[in-house]
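# Structure at a glance
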Amino acid sequence: MAGLENILNKIIEDAKTKADEIIKEAEEKQHLVVEKREDDAKFLADKINEISKKEREDILKRAKSSAELKARDNILAEKHKLIDKVLEEAVAELENLSEEDFIKFVKNNVKGVEDKNSILDVPSKYRDAVKNADLDFKVSETDVERGFVLHNGNLIYNGDFKSIVKSEREDLEKFLAEKLFS
C-alpha cells in the first residue's frame, strides 16, 4: 500500500500546486481588476472635479454679473432720484418767480395767440402784475395753483409748471443726466 500512499501524496501535492496556481492567478486577476477599478475611479473623480470646477466658475461668473447688474440698477435708481429731486426743485423755483419773471414766462408761452377774447387764469399773487402788464388778454379772477391757463375759444393752453415739466420730462432728464453725471 505504499504505492497507494505515494499516489495519494502525489495527487495531494499536485492538487496543492494546482490550487496555489489557481490562487496566484486569482490574486493577479484581482489585482488587475482592483487596479482597473482604481483607474476608472480616478478618471471619474477627475471628470467630476473638472465638471464641478466649470460649474463653480459659471456660478461665480453669474454671481458677479448679478452683483454688477444690481449695483448698476442701484446707481441708476439713485441718479433717477436725484433727477426727480432737481425737477421738483425746478418746479418749486418756478412757483416762486418774481412778478417780472412770471410776466416774461407768460409772454413767451402765449406768443402767437392773437385772439383778444382769450382769458388768462393766473395765481392770485401775480394777478395785479399781469393785469398791469397789458398782455391783451382778459385776466380772470379764477385762481390757478401755479403757472397759467389760457382759454382761447375751445382751446386751452396749460402753462402749469408741473404739467410743462411732465410733458418735457424725457428731454429734461437727458439734459440733466448730461449736466449732472458726465
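Below: a short report on this structure. Note that the coordinates shown come from a computational prediction; the quantities given were computed from them, not determined experimentally.

### Brief notes about the sheet that holds strand 1 (residues 119-121)
Reading across from one edge, 2-1-3-4 is the order of the four strands in this open sheet, with mixed pairing throughout. What marks the edges here is a single partner per strand, and that holds for strand 2 (138-139) and strand 4 (155-158). By the bridge criterion, three bridges tie strand 1 to strand 3 (residues 149-152) in an arrangement that is antiparallel. Across the sheet, the residue bridging to Leu120 is Leu150, located in strand 3.

### Considering the pairing of strand 3
Of the strand pairs in this sheet, strand 3 and strand 4 are connected by four bridges, and their pairing is antiparallel. Its bridge partner being in strand 4, His151 is matched across the sheet by Ile156. A loop of two residues connects strand 3 with strand 4, the two strands running antiparallel in sequence, and Gly153 in this loop sits at a positive phi of about 65 degrees.

### Description of the nonpolar core
Phe102, Val106, Leu120, Val130 and Phe148 are the most contacted members of the largest nonpolar core, which has 24 residues in total. With four residues, the single largest contributor to this core is helix 2 (residues 99-109). The contacts of Phe148, once residues within four sequence positions are left out, are Phe102, Phe105, Val106, Asn109, Val110, Leu120, Asp121, Val122, Tyr157, Asn158, Gly159 and Asp160.

### Side note on the packing of helix 1 (residues 2-95) against helix 5 (residues 169-181)
Close contact between helix 1 and helix 5 brings their axes to 10 Å; oriented N to C, the two are set at 110 degrees. Considered as vectors, helix 1 and helix 5 are oriented roughly perpendicular to each other. Between helix 1 and helix 5 the crossing geometry is right-handed. Note on element contacts: helix 5 touches helix 1 through Arg169, Leu172, Glu173, Leu176, Ala177, Leu180 and Phe181, opposite Lys79, His80, Leu82, Ile83, Asp84, Val86 and Leu87. Here the contact of helix 1 with helix 5 is composed, by residue class, of nine nonpolar, one polar and four charged.

Rules behind the numbers
Residues numbered from 1 in each chain as written. Predicted model: local features only at pLDDT ≥ 70, side-chain atom pairs only at ≥ 80, totals over all residues. Heavy atoms only, no water. Pairing = 2+ DSSP bridges. Helix = DSSP H or I, 4+ residues; strand = E, 2+ residues; numbered from the N terminus. Core = buried A, V, L, I, M, F, W, Y, C linked by side-chain atoms within 4.5 Å. Buried < 20%, exposed > 50% of the residue type's maximum accessible area, 1.4 Å probe, protein only. Contact = heavy atoms within 4.5 Å. Axes fitted to C-alpha atoms, helices over the stretch in contact; angles between N-to-C directions. Parallel < 35°, antiparallel > 145°, perpendicular 65-115°, else oblique. Left-handed = near helix turned anticlockwise from the far one by under 90°. Nonpolar A, V, L, I, M, F, W, Y, C, P; charged D, E, K, R; others polar.

Geometry only, nothing functional implied.
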